[in-house]
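Topology and contacts: notes
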Amino acid sequence: MGRYLLSQIAANAGKAKPFALPVFEPTLTQERELRRIIRLLLKEWDSAVREVAIPAYQRVARFGEPGEIGLGFGGADAVRQLDQALRRATDRTAAVASEMSPAVEKHFRQMAKWHQAKFVESIRASTGANVSPLMSVDAAESALQIATRRHVALIKGLNAEMAKKVETAVLDSFESRYAIRDLRKRLTDDLGFAEGRAKIIAQDQIGKYTVALDRARHEEAGVTKYRWWTQLDDKVRPSHAEKHGEIFSWDDPPSDTGHPGEDINCRCRPMAYVEPRN
């Protein structure tokens, strides 16, 4: 049972039939801020590539450069120098990734406050009641901490993925005797890939966190069911679109999709389904 019963509040307000609270969506600004945090890592990778990896490659490889005869240092010494440079680059980016937790938590904490205000507003619009004094900041703390840890883990995962891509690009280029301009192009493409991943991660995590906050506030209000809501556009998965408007229980998720927001980049939301307690 929650800290308060929204079903009883609804009944006291004269509500007789079940109803769903209006949905509110996360903002583009919230998504952009999360993406900005991830981009701090990508900026460090850009710097590490320009300041460490590329200069090291230039020192040991002169393949196809103007005025060169197509020879590099070669041998174990060249590979050792490249390995050392790659370790320095990854140490720099790993340090940045490890320090992102406070920024991510701060952003998610601001979102929790935004969500609480919006939930209060949706209840007031439906029942006329102000439940703000009944709500607790701690109700969303578990969702906040889990979301922070999950997002930081994804950032670290992206960093590890980038480290592998940069290492592969540098060593493959050296082995294949590629000119520095060819390596630069490949690394630019890898950074472009990371930008795309950052966008997907931010969109997905904002959606998942918002749904986690939805559930936390539903449980606090003693709400055990929700009405599935979708964007009703051509991007919605067919298995999600067919659930639009249907009622589900938090303790019994659909077997094919799970709850809203669980699939990658799912934009569906659970609308609190209130059954007045008469």
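Below, the structure is looked at part by part. (Residues numbered from 1 in each chain as written. Predicted model: local features only at pLDDT ≥ 70, side-chain atom pairs only at ≥ 80, totals over all residues. Heavy atoms only, no water.)

Here we come to the packing of helix H4 (residues 101-127) against helix H6 (residues 180-220). Running from N to C, H4 and H6 cross one another at 50°; their axes reach a closest spacing of 10 Å. Compared by their axis directions, H4 and H6 come out oblique. As H4 runs across H6, the sense of the crossing is right-handed. On H6, the residues touching His107, Phe108, Arg109, Met111, Ala112, His115, Gln116 and Phe119 of H4 are Ile206, Tyr209, Thr210, Leu213, Asp214, Arg217 and His218. Residue classes in the contact of H4 with H6 are distributed as 7 nonpolar, 5 polar and 3 charged. (Axes fitted to C-alpha atoms, helices over the stretch in contact; angles between N-to-C directions. Helix = DSSP H or I, 4+ residues; strand = E, 2+ residues; numbered from the N terminus. Parallel < 35°, antiparallel > 145°, perpendicular 65-115°, else oblique. Left-handed = near helix turned anticlockwise from the far one by under 90°. Contact = heavy atoms within 4.5 Å. Nonpolar A, V, L, I, M, F, W, Y, C, P; charged D, E, K, R; others polar.)

Core analysis: the biggest nonpolar cluster contains 67 residues, and Tyr4, Leu6, Trp45 and Tyr209 have the highest contact counts within it. Within the residue set of this core, elements represented by two or more residues are helix H1 (6-12), helix H2 (28-60), helix H3 (75-98), H4, helix H5 (141-175), H6 and strand S4 (269-274). Considering every element that reaches this core, the biggest residue donor is H2, with 13 residues. Leave out the neighbours within four places in its chain, and Tyr4 touches Ile9, Phe119, Ile123, Val131, Leu134, Met135, Glu220, Ala221 and Gly222. Val211, Trp228, Phe248 and Cys266 belong to the second-largest nonpolar core, a separate cluster that totals 7 residues. (Core = buried A, V, L, I, M, F, W, Y, C linked by side-chain atoms within 4.5 Å. Buried < 20%, exposed > 50% of the residue type's maximum accessible area, 1.4 Å probe, protein only.)

A word on the sheet that holds strand S3 (residues 247-249). A sheet is described by the order of its strands in space; here 4 strands give the open sequence S1-S4-S2-S3, paired in antiparallel fashion. Each of the sheet's edge strands pairs with one partner strand only, and the pair in question is strand S1 (19-20) and S3. Looking at chain direction, S1 and S4 are connected through 2 bridges and run antiparallel. If you follow Phe19 over to S4, its bridge partner there is Val274. (Pairing = 2+ DSSP bridges.)

Counted under the stated rule, the structure contains 6 aromatic pairs. Look at Trp228 and Phe248: their rings are 5.8 Å apart centre to centre, the planes differ by 70°, and that puts the pair in the edge-to-face class. Here Phe248 lies in strand S3 and Trp228 lies in strand S2 (residues 225-229), a separation of 20 residues in the sequence. Its relative accessible area of 1% is what places Trp228 among the buried residues. If you follow Arg177 out to its NZ or CZ, it ends over the ring of Phe174, 5.8 Å from the centre. (Phe/Tyr/Trp six-rings, centres within 6.5 Å; stacked < 30°, edge-to-face > 60°. Lys NZ or Arg CZ within 6 Å of the ring centre and 35° of its normal.)

Quick look at H5 now. The terminal C-alpha atoms of H5, which comprises 35 residues, lie 51 Å apart, in line with the 51 Å expected from a rise of 1.5 Å per residue. Positive phi shows up at Arg177, right after H5, with a value of about 60°. (Expected span 1.5 Å × (residues − 1).)

A few words now on H2. Over its 33 residues, H2 runs 46 Å from end to end, which matches the ideal 48 Å to within 8%, given 1.5 Å per residue. Where H2 bends most, at Val49, the angle is about 40°. (Bend = angle between axes of the 7 residues up to and from the residue.)

Geometric values such as these leave the question of function open.
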